[in-house]
Amino acid sequence: MAHADIIGDADEFRRKMFGHHDAALSHTDPEFIQIFENFAFGDVPRDSVVSDEDRFISILAALMGSHGADAFRTMLPAALEVGVDPSMVKEVVYQGVPYLGLSRVLPYILICNEVFRQRSIKLPLPPQKTATRDEHVRKGNDIQVEIWGEEMRDNWEREPKSTEHIRRWLAGNCFGDYYTRGGLDLDKRELATLCFLASQGGCDPQVEAHVRGNLNLGREPQYLIDVISQMVPYIGYPRVLNTIAIIEKVAAE
């Protein structure tokens, strides 16, 4: 399509991400591409102060949470072009497993491997594990305490016997196996987690908990709103607006 139809900073941003390559739909659906790119690559970045790293963490996580494998395949090279490190991308994908499950995350691991090979990025990437099996429950619980406070200390011990194992798994697996890994700082892991939850829908209690987690780690409410707003072109307005309402509710408290 004629890139004159993609105006100003939208065209500049698309070239930063994709160079001079046309969108796949530019020849069959040119008017749609004009609408989408002027909004997603112009209006949305312009109206926020979100860093490129956080923008693409939110986009990639949102695409994973909303089953957007084809769009993920398109946006992953763009994330790499703007400087997001391959290890950071892989850690965002791995971080999705405890929140989305392997059935939904496996396609994104495979897409990453495919795109990395195409770009001559050597696999496997450098190891990021920091917690052994002997210590993953304790280290994971330490991170839970860092995010939400001392009430999380050994919290599985206060659960009914029927659900004690889930709380212990959360400490050891979700936090001990994943949150302790390198390649992605704790605050960015929490940001990715919020985007996984917001984009899949039906997770309002967990969204609220991880809004609190992000705020406890020093994120400002307006910055969270700006980050979640980056997801509008990819998951639509309803889930974004629902998440913004939760951010505003928690911030007001």
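Below: a short report on this structure. (Residues numbered from 1 in each chain as written. Predicted model: local features only at pLDDT ≥ 70, side-chain atom pairs only at ≥ 80, totals over all residues. Heavy atoms only, no water.)

**Here's the deal with the overall build of the protein chain**
Secondary structure assignment for the protein chain yields 14 helices and zero strands. Secondary structure elements of the protein chain occur, N-terminal to C-terminal, as α-α-α-α-α-α-α-α-α-α-α-α-α-α. By the compact-globule yardstick of 18 Å for 253 residues, the protein chain fits well, its C-alpha radius of gyration being 19 Å. Burial status across the protein chain gives 51% buried among its 253 residues. Of the contacts formed within the protein chain by residues at least 6 apart in sequence, a portion of 71% connects residues at least 24 apart. Roughly 12200 Å² of accessible area belongs to the protein chain as shown, and the carbon and sulfur atoms make up 54% of that amount. Side chains of the protein chain give 27 positive and 38 negative charges; the mean places of these two sets differ by 7 Å. (Helix = DSSP H or I, 4+ residues; strand = E, 2+ residues; numbered from the N terminus. Rg over C-alpha atoms; globule rule 2.2 N^0.38 Å. Buried < 20%, exposed > 50% of the residue type's maximum accessible area, 1.4 Å probe, protein only. Contact = heavy atoms within 4.5 Å. Areas by Shrake-Rupley, 256 points an atom, 1.4 Å probe, with all protein chains shown as cover. Lys, Arg positive; Asp, Glu negative; His and termini not counted. Charge placed at Lys NZ, Arg CZ, Asp CG, Glu CD.)

**Let's talk about unusual backbone geometry**
Omega for the peptide link from Leu123 to Pro124 comes to -5 degrees, which places this bond in the cis form. For Pro124, the position within the fold is in the loop between helix 7 (102–118) and helix 8 (136–148). Here the phi dihedral of His67 falls at roughly 65 degrees; this positive angle occurs in a residue that is not glycine. Within the fold, His67 resides in the loop between helix 3 (52–65) and helix 4 (69–81). Judged by its relative accessible area of 56%, His67 is exposed. One non-glycine residue, Ser120, lies in the positive phi region at around 60 degrees. Its location among the elements puts Ser120 in the loop between helix 7 and helix 8. Using a relative accessible area of 68% as the deciding quantity, one classes Ser120 as exposed.

**Brief notes about the packing of aromatic side chains**
What describes a pair of aromatic rings is the distance from one ring centre to the other and the angle between the planes of the rings. The tally for this structure, following the rule as stated, stands at eight aromatic pairs. Consider the rings of Phe18 and Phe41, whose centres lie 6.0 Å apart with planes at 50 degrees: the pair is tilted. On the criterion of sequence distance, the pair formed by Phe18 in helix 1 (residues 8–18) and Phe41 in helix 2 (residues 30–46) is long-range, its members being 23 residues apart. One exposure class covers both Phe18 and Phe41, and it is buried. Ring geometry for Phe175 and Tyr179: centres 4.2 Å apart, planes at 25 degrees, overall stacked. Residue Phe175 and its partner Tyr179 are both found in helix 9 (residues 164–179); the two are separated by four residues, about one turn of the helix. (Phe/Tyr/Trp six-rings, centres within 6.5 Å; stacked < 30°, edge-to-face > 60°.)

**Some remarks on the side chain of Glu37**
The topology assignment puts Glu37 in helix 2. Of note is the side chain of Glu37, whose polar atom sits 3.0 Å from the side chain of Arg14. (Polar contact = N/O pair within 3.5 Å; in protein donor to acceptor, adjacent residues only side chain to side chain.)

**So, the nonpolar core**
Side chains of nonpolar character tend, in soluble globular proteins, to be buried together. Within the largest apolar cluster, 72 residues are counted, with the highest numbers of intra-cluster contacts made by Met17, Phe56, Phe72, Met75 and Leu76. Apart from the residues within four sequence positions on either side, Leu76 is in contact with Leu60, Val89, Ile111, Cys112, Val115 and Phe116. (Core = buried A, V, L, I, M, F, W, Y, C linked by side-chain atoms within 4.5 Å.)

**As for the side chain of Thr180**
Note on placement: Thr180 falls in the loop between helix 9 and helix 10 (186–200). There is a polar contact of 2.5 Å between the side chain of Thr180 and the backbone oxygen of Gly176. Excluding residues within four positions of it along the chain, Thr180 makes contact with Thr130, Ala131, Lys139, Gly140, Ile143 and Phe175.

**Some words on the packing of helix 3 against helix 10**
Their axes nearest at 8 Å, the elements helix 3 and helix 10 cross at an angle of 35 degrees. Between helix 3 and helix 10 lies a crossing of right-handed hand. Residues Glu53, Asp54, Ile57, Ser58, Ala61, Ala62, Met64 and Gly65 of helix 3 pack against Lys188, Leu191, Ala192, Cys195, Phe196, Ser199 and Gln200 of helix 10. (Axes fitted to C-alpha atoms, helices over the stretch in contact; angles between N-to-C directions. Left-handed = near helix turned anticlockwise from the far one by under 90°.)

**Focus on the pattern of salt bridges**
Within the structure shown, the criterion is met by 26 salt bridges. Linking Arg181 and Glu91 is a salt bridge whose minimum nitrogen-to-oxygen distance equals 2.8 Å. Of this pair, Arg181 sits in the loop between helix 9 and helix 10 while Glu91 sits in helix 5 (residues 86–95), and the two are 90 residues apart along the sequence. The class of Glu91 is buried, set by a relative accessible area of 2%. The residue Lys249 makes a salt bridge to Glu208 at a minimum N-O spacing of 3.0 Å. Placement of the pair is Lys249 in helix 14 (residues 237–252) and Glu208 in helix 11 (residues 204–216), with a sequence separation of 41 residues. (Salt bridge = Lys/Arg side-chain N within 4 Å of Asp/Glu carboxyl O.)

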